[in-house]
Amino acid sequence: MAAKEKSSTGTRKSTLHRLAVPNGGEVKLRTLVRPHYPRQTRLPGPRVRLGGRHRPAGERGNPPETRADWCPAVERITGLEVNERNHSAAGLVLMRTERGLYALSYGVGQHMLDPYYRDDEFGLEFATRCLDEDGIIKVRNQIMDGRGRVDEYSVARGERIDGFGLDRFGAVVRRICGTVSGIPLTSLPYGTSKHVRVECSESTIKLPLATTPEEFLSDLRAIEEVCSRPDPLPELGFVDRLRTLDNRSRKAVDAQAVLEGMLADPSHPRLTLGVPESCQEGFGSAQAFRISSGSRSIDVTDLALPVLLEFVSDKTEGERLKALAQVRVVMFSDDDLKTPASAATTGKEWLIADVPVGTARYFYGHGKWYEVGAGFLETLEEELRELLGKPSSVQLPAWPKGVPNAKGRDSHDEDWYNKQAAGQKGYLLFDKKNIVTDKFNGGGLEVCDVLGPDNQLICVKKATSSDGTAPLNHLFAQAVTAVETLRSDEAIRSAFLKQVADRTPDHRLLDDFGTLKVVLAILLKDGKEITVDSLFAFAQVSLLQSARRLRAMNAEVEVVAIRR
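The present account deals with the structure reproduced in this document.

Reading the values: rules and limits
Residues numbered from 1 in each chain as written. Predicted model: local features only at pLDDT ≥ 70, side-chain atom pairs only at ≥ 80, totals over all residues. Heavy atoms only, no water. Pairing = 2+ DSSP bridges. Helix = DSSP H or I, 4+ residues; strand = E, 2+ residues; numbered from the N terminus. Axes fitted to C-alpha atoms, helices over the stretch in contact; angles between N-to-C directions. Contact = heavy atoms within 4.5 Å. Salt bridge = Lys/Arg side-chain N within 4 Å of Asp/Glu carboxyl O. Buried < 20%, exposed > 50% of the residue type's maximum accessible area, 1.4 Å probe, protein only.

As for the sheet that holds strand β12 (residues 271–273)
Stage number 1. On the basis of which strands lie adjacent, the open sheet formed by 5 strands has the order β11-β19-β18-β17-β12 and antiparallel pairing. Where the open sheet ends on each side, the last strands, each with one partner, are β11 (242–245) and β12. Ignoring strand direction, the axes of neighbouring strands in this sheet form an average angle of 25°.
Stage number 2. In this structure, strand β18 (residues 360–365) lies alongside strand β19 (residues 368–372), joined through 4 bridges in antiparallel fashion. Within the sheet, the bridge partner assigned to glycine 365 lies in β19 and is lysine 368.
Stage number 3. Each of β11, β12, β17 (351–357), β18 and β19 is contacted by helix α5 (residues 250–262), which is oriented at about 110° to β17, the strand it contacts most.

Okay, structure coming up:
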């Protein structure tokens, strides 16, 4: 935004937005500005005609002492005198074309736009259809596995997207920067090999645009032509599959309206729980949870969705998610609720939802909205079916329900089941046999629950519907951490092999530590089969990410359903 004009009739780096009106209706351009701005600033009355269409222009006034550097560009585009101070100045030019609504923002002008009308497909739609194949410079993405992690990769010179090592299923691309060429923009003269750098986020494009009316409209038409291309470039097709949404955008507002109705049913099959980022480390050792809102408080040994939604059951539709944001959840590492295992979180940070709106599909996770694009689910499910269809190399016993113990918990817990599985010939129990080193002090590292006869690291987890995705995320993370550590930490590897040798001196693992086998043994509700339909989207993504990381470390992966 601080770039200077090359000449009085040249180009200027500008921020372009595309706006969308629900159901394709008509609106006055002033409606696209957030309501409180007309009361706080002098929005202009004059309108100018560009290419035969009216557009509101920037504000008139006497030249201030320090003039914002974008004022000349707006003057040339609109034909009106525009003078704004550089300090916190905001400029916004709204326009309508045959194909849509657009806005040019300068300074902090983007804050004037009402996010409800912002088109969150615009920037990445443009990028995926025209970025040079070897011109990618920077990529920022969020990992859609419940942890909320954001990664950013950048290089000094452009390269192919494959060189950034992105996970094409779990990576939600938020921003991508690169070069474009061969497009009829003013900054790309015809017949030259020149390229320009563009930066694209969900709803904006930052690039050099012409500052005269005719050339600016020509640039806008070129951008519209790129966005109208039916398919993205093959190497960037994965970006279109999954996108984050601004919670204030129209799509998020519509999806939230559906979610509000779902929250009235604690047993809804498309609702579950997921562990927030701030609770990931302490969740595995949590013994109790305190859920509170106002003067009301409930203490439980297991956090379940019905308990959480009980705090919003008396709210009307439209108020439930807001009320869930007021619910406080604290984990404790002891039954007496004396030692917190994490900072306090809000109820909505634990919520995971799969929300269909018409033919569209949205996901709500830890306070954020995601939109699933065409092809994502199909490709995701195809790879999952291949993984889940692999035959098992282990024999695991059934896991029947036990009688409730003194605390009301099922006596046939994971500790009980692991002992049953390890009681088979050739199987060894490693549950709670943690390895403690200088790196893994405190609780130490648990490599697996059971070691199978063919070097299988068997990791066991019960994941009923009320538990949501949290136990599965913990299971997948445990397996990845164990293999990473065994491969990279000699002290841990030696200690683990010593544990094996102490029990079975001739175990084949002692002489064959090349290819490991990781078995993810899961008990779902009622011991049902593990299929694509029985796993939530966030668990699906997390499973595939973990499987890929394990394979990269020369570890085979199996997923086994435990029966009741």
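Picking up after the structure, the text goes on.
Observations concerning the pattern of salt bridges
Stage number 1. In the structure shown here, the tally under the stated rule is 32 salt bridges.
Stage number 2. A salt bridge links aspartate 119 to arginine 18; the shortest N-O distance between them is 2.9 Å. Placement of the pair is aspartate 119 in the loop between β5 (101–107) and α3 (122–130) and arginine 18 in strand β1 (residues 11–19), with a sequence separation of 101 residues. Here aspartate 119 matches arginine 18 in class, with each residue buried.
Stage number 3. The partner of aspartate 454 in a salt bridge is arginine 508, with the nearest N and O atoms 2.4 Å apart. Of this pair, aspartate 454 sits in the loop between β21 (450–451) and β22 (456–463) while arginine 508 sits in the loop between α12 (490–503) and β23 (516–524), and the two are 54 residues apart along the sequence.
Stage number 4. Linked by salt bridges that have partners in common, Arg118, Asp120, Asp246 and Arg248 make up one network.

Topic: unusual backbone geometry
Stage number 1. Notably, lysine 432 is not glycine yet its phi reads approximately 70°, a positive angle.
Stage number 2. As for its placement among the helices and strands, lysine 432 is situated in the loop between β20 (428–429) and β21.
Stage number 3. Among the residues examined, lysine 432 registers a relative accessible area of 55% and is labelled exposed.
Stage number 4. Even without a glycine there, the phi angle at asparagine 455 is positive, about 65°.
Stage number 5. Take asparagine 455: it is sitting in the loop between β21 and β22.
Stage number 6. Judged by its relative accessible area of 2%, asparagine 455 falls in the buried class.

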